Every structure is written in structure tokens, then in C-alpha cells.
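Notes for the structure review
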Amino acid sequence: MKVSTRVEYGVIALVDIAVYSENGNSVSTIDIAKREGISKKYLEQIFPLLKMAGFIKAQKGIGGGYTMSKKPEAIRMSEVVSALDNTILEDVDSENNEDAKSLRSIVNNNLWGELNTTINSFLENITLAEFVDKCKNSMSDGWDMYII
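So, a few notes on the structure that sits alongside this text.

What counts, and where the lines are drawn
Residues numbered from 1 in each chain as written. Predicted model: local features only at pLDDT ≥ 70, side-chain atom pairs only at ≥ 80, totals over all residues. Heavy atoms only, no water. Axes fitted to C-alpha atoms, helices over the stretch in contact; angles between N-to-C directions. Helix = DSSP H or I, 4+ residues; strand = E, 2+ residues; numbered from the N terminus. Parallel < 35°, antiparallel > 145°, perpendicular 65-115°, else oblique. Left-handed = near helix turned anticlockwise from the far one by under 90°. Contact = heavy atoms within 4.5 Å. Nonpolar A, V, L, I, M, F, W, Y, C, P; charged D, E, K, R; others polar. Phe/Tyr/Trp six-rings, centres within 6.5 Å; stacked < 30°, edge-to-face > 60°. Buried < 20%, exposed > 50% of the residue type's maximum accessible area, 1.4 Å probe, protein only. Lys NZ or Arg CZ within 6 Å of the ring centre and 35° of its normal.

Our focus in this paragraph is the packing of helix α1 (residues 5–20) against helix α2 (residues 29–36). At a minimum axis distance of 11 Å, the contact between α1 and α2 shows a crossing angle of 110°. By the angle between their directions, the pair α1 and α2 is classed as roughly perpendicular. Here the hand of the crossing between α1 and α2 comes out right-handed. Where α1 abuts α2, its residues I12, A13, D16, I17 and Y20 lie against I32, R35 and E36. Across the contact of α1 with α2, the residue classes break down as five nonpolar, no polar and three charged.

Right, let's talk about the packing of aromatic side chains for a bit. Evaluated as defined, the whole model comprises two aromatic pairs. Ring centres of Y9 and Y42 lie 5.6 Å apart, and the angle between their planes is 85°; on these two criteria the pair is classed as edge-to-face. Here the residue Y9 occupies a position in helix α1, and Y42 occupies one in helix α3 (residues 40–52), the gap between them amounting to 33 residues. Y9 gets classed as partly exposed once you look at its relative accessible area, which sits at 24%. For R35, the ring lying beneath its charged end belongs to Y20, and the centroid distance is 3.7 Å.

In C-alpha cells:
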């Protein structure tokens, strides 16, 4: 499955903020950009989406940056993905009643519809906190990158 860089980088940035702001410190876009190899300008386009969804808040001034505005335990990964791209988790459109028995409709419902249901279920049943823990465990096992 291929997702947009906006979703990929948005999830990475949110996990980075959740990890590095655990003790109350702000996390700057420059630090995230350096750690994760993501353009600072691109992060600045993604952060308003995360902020508007209520996941992060900005702190201005010296030592400013971003912190979590919600506890990671209260954020479902489905909410994160939807905030970054609201088309990913859409239900596969059923064909109109005339075409309900067409091969296209049957394939869409039985393959893409079920795949979409599985993805939705996975994302709905994992919180950001659980996902952060998975990432931390992978990193402590010697991994150099996040697996998303």
C-alpha cells in the first residue's frame, strides 16, 4: 500500500513529537527535520493539519516548538490518518443498484472494500501511544528507522 508523503511524514512527525516531548519539552521543526530527514518547509505545511485536529500545540519564543495537546492514549491512529488525508479511510463506493451485480462492483466490494475495512479496523484499534511504544521497541532493537 502506498500513502502520500503528507501522511507518511505527518505520522513520523507526530510520533517524533510524542517521543521527544514526553518530559514536557517543546520539539522544534528544525530538530524533527534533522532527525527524520524531512524538509522543514514540508513539515510547516503538515503541522497546521495536526494542530487543527487538536493533536499538537505550538509554543512561541525561545525554546518554542510543538508539544502534544492531547495525550497519545486518547488519539486513535485512524484520527491521525484522517486528519492528514481524509480520503484514505473512505468506504469504497458501492455501485448503484443497477450495477450491483457487475463484475466491477463485486470486485470493488469483495477485494477493495474488505481491504479498506481491515485497514480501518487496524487504525481504529491502535492508539498513538501504542504505536509510539511499537516504534520505540523497534528502535531499541537496533533499527535505524520507523516502520509505518
